[in-house]
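As a plain string of letters, each chain reads:
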Amino acid sequence: MKGRSRTARARLPILGTALLATAAMVATVAAGCGGGAGAAPKITTTARAGVAPVPPKEGAYFGAWVPPEGEGRPSASKSGSPSGSPSASPSESPSGTPSGSASASPSAKPTGKDADKPGMAPVVGFEQELGRQLDIVQTYRSWTSEFPAELEESVTAGNRYLLLTWGGADTKKIVQGEYDELVQRRARAVKALGKPVFLRWSRDMDKASNKKRVHSPQDFTAAWKHLRAIFKQERVDNVAWVWCPSARGFGGGDAPAYYPGDDQVDWICADAQPGADYEYRDLSEAVKMFLQWARDREKPIMIAEFGVPKSYGERRAEWLREASKTLQDPQVKAVVYFNSDEQAANARDKRRAYSVTGDKHTVSALRELATTPYFNPRNLPVTSGD
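All figures in this text were calculated on a predicted structure; none of them were measured in a lab.

**As for the confidence of the model for the protein chain**
- Counting all residues, the mean pLDDT for the protein chain is 84, and 79% of those residues have values of 70 or more.
- This model gives residues 1–37 a pLDDT under 50, and the stretch forms 19 contacts once residues within four places in sequence are excluded.
- pLDDT under 50 marks residues 98–108. Its contacts with residues more than four places away, or in other chains, come to 30 contacts.

**Observations regarding the pattern of salt bridges**
- This structure, assessed with the given rule, holds 27 salt bridges.
- Notably, a salt bridge pairs Arg203 with Asp271, separated by 3.2 Å at the nearest N-O pair. With Arg203 in the loop between β6 (197–201) and α6 (211–214) and Asp271 in strand β8 (residues 267–271), this residue pair connects regions lying 68 residues apart in the sequence. With respect to burial, Arg203 and Asp271 carry one shared label: buried.
- The shortest N-O distance in the salt bridge between Lys310 and Asp341 comes to 2.8 Å. With a gap of 31 residues between them, Lys310 in the loop between β9 (301–306) and α9 (316–327) and Asp341 in the loop between β10 (332–338) and α10 (360–371) connect regions that are remote in the sequence.
- On the accessibility criterion, Lys310 (28% relative accessible area) is partly exposed.

**Focus: the environment of Arg348**
- Following the sequence through the fold, Arg348 ends up in the loop between β10 and α10.
- Taking the C-alpha atoms as reference points, Arg348 and Pro74, separated by 274 residues in sequence, lie 8.9 Å from one another.

**Some details on the environment of Ile268**
- Its place among the elements puts Ile268 in strand β8.
- Along the primary structure Ile268 and Ile301 are separated by 33 residues, whereas in three dimensions their C-alpha atoms are 5.1 Å apart.
- Among residues more than four places away in sequence, those in contact with Ile268 are Trp243, Tyr259, Phe290, Trp293, Ala294, Arg297, Lys299, Pro300, Ile301, Met302 and Gln331.

**With respect to the pairing of β6**
- Among the five residues of β6, five are classified as buried, and the element is accordingly described as predominantly covered.
- What you see with β6 is no split at all: Val197, Leu199 and Trp201 on one side and Phe198 and Arg200 on the other are buried throughout.
- When strand β5 (residues 161–166) meets β6, the two strands line up parallel, connected through five bridges. In the strand pairing of β6, Leu163 is matched with Phe198.

**Brief notes about the state of the cysteines**
- Counted under the stated rule, the structure contains one disulfide.
- Put simply, Cys244 and Cys269 are joined by a disulfide, and their sulfur atoms are 2.2 Å apart. Note on the Cys244 and Cys269 pair: the S-S dihedral is about -45°, so by sign convention the disulfide is left-handed. Placement of Cys244 in the loop between β7 (239–243) and β8 and of Cys269 in strand β8 is noted, with a sequence separation of 25 residues between them.

**What to know about unusual backbone geometry**
- At the junction of Phe147 and Pro148, the peptide bond is cis and its omega measures out at -5° in the coordinates.
- Among the structural elements, Pro148 can be located in the loop between β4 (136–141) and α3 (150–157).
- In this structure, Asp114 takes a positive phi of about 75° despite not being glycine.
- As for its position among the elements, Asp114 is in the loop between β3 (98–99) and α2 (121–130).

**With respect to the packing of helix α5 (residues 180–193) against helix α7 (residues 217–233)**
- Running from amino to carboxyl end, α5 crosses α7 at an angle of 55°, the nearest separation of the two axes being 9 Å. Accordingly, the angle class assigned to the pair α5 and α7 is oblique. Where α5 crosses over α7, the handedness of that crossing is right-handed. The segment α5 lies against α7, with Asp180, Val183, Gln184, Arg186 and Ala187 engaging His226, Leu227, Ile230 and Phe231.
- Partitioning the contact of α5 with α7 into residue classes produces five nonpolar, two polar and two charged.

**Some words on α2**
- Most of α2 sits out of view: seven of its ten residues are buried.
- Considered for burial, the residues of α2 that qualify are Ala121, Pro122, Val123, Val124, Phe126, Glu127 and Leu130.
- Against β1 (61–65), β4 and α10 lie the buried residues of α2.

**Examining the pairing of β5**
- Counting buried residues in β5 gives six out of six residues, a clear majority hidden from the surface.
- In β5, alternate side chains face the same way, and those of Tyr161, Leu163 and Thr165 on one face and Leu162, Leu164 and Trp166 on the other are all buried.
- Two elements, β4 and β5, share six bridges in a ladder whose sense is parallel. Looking at β5, one finds that Gln138 is bridged to Leu163.
- The β-α-β motif built from β4, the intervening α3 and the parallel element β5 has right-handed crossover chirality.

The rules behind the values
- Residues numbered from 1 in each chain as written.
- Predicted model: local features only at pLDDT ≥ 70, side-chain atom pairs only at ≥ 80, totals over all residues.
- Heavy atoms only, no water.
- pLDDT = per-residue confidence, 0-100.
- Contact = heavy atoms within 4.5 Å.
- Salt bridge = Lys/Arg side-chain N within 4 Å of Asp/Glu carboxyl O.
- Helix = DSSP H or I, 4+ residues; strand = E, 2+ residues; numbered from the N terminus.
- Buried < 20%, exposed > 50% of the residue type's maximum accessible area, 1.4 Å probe, protein only.
- Pairing = 2+ DSSP bridges.
- Disulfide = S-S within 2.5 Å.
- Axes fitted to C-alpha atoms, helices over the stretch in contact; angles between N-to-C directions.
- Parallel < 35°, antiparallel > 145°, perpendicular 65-115°, else oblique.
- Left-handed = near helix turned anticlockwise from the far one by under 90°.
- Nonpolar A, V, L, I, M, F, W, Y, C, P; charged D, E, K, R; others polar.
- Right-handed = clockwise from strand over helix to strand, strands pointing away.

If you want it as structure tokens, here you go:
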């Protein structure tokens, strides 16, 4: 008995050390995965600092997609970025409808700074509701649309970053060089803009609805590399490349297979609406698998489209407050609210309608998120909001 007791006592320090090591490991993992908790992870980017957009040292940029007045209403098209015909308008919405035209203005026209610039009245009106200027303004362009135009120029003329979402095209044709002249024109135009630009090409490439033009993960990554090579040849240094599949693609889908590689991507991103097939779903559940995948990469994260459905009713404010906690993650460096109803099939489709305009309590909750210090890393002035 005495021998066994000595053996047991001898093992106690070893066991204790093992338990302490395990606890430390768990704490480290928790610090990396918790919303806003723990030390910031190491983050690298291939973007050129001082010329292209780079992550803030602390917190995350806050931005939005704000359709022009008269747009952003329910649309029968929910296919995402257009990939086809040229656009006659200065910009487009995710569903291919015109946006950003100089003639569009809100019924209660804002009078703040930049409100009189082409396409900026709706943006400034939304900023006045939030009580702060946006860090990022998103625009949408089809593959064949000319850009930048008036709205992009208006955005970059001020103290805002442009997030330009550029529609995709047939990846095999891109690799074969059929679009090289078009890509060269776009690269030169973006370079001539002379301001930092987030470029999000062919977002949601993992969705089944895009398979006809994307073909396969291998075809997509080859096309991505082809585009970057052309931009490099044209010496375009003011672009940060944002790779952005759907958040859902990290659960049951194969989104990771479309990743072109750490040397090809500046920001990793996901579109993260809760999903119309859920009665209620927190943002934390929608982005869980994506964030887990992102931990293995030293890249800044952007959530480029998130929104709270109108179908959540009185719980919309609660959803946004919980989302704020989830997004205060040390690797998340930019978040963009999708303030539009255009993905809804019709006016009764509340599960795909995300605009907060006209919803006093939801606007207030989004204002709380947008004015939280974590989402105001540039310390922009904050007002009480309208």
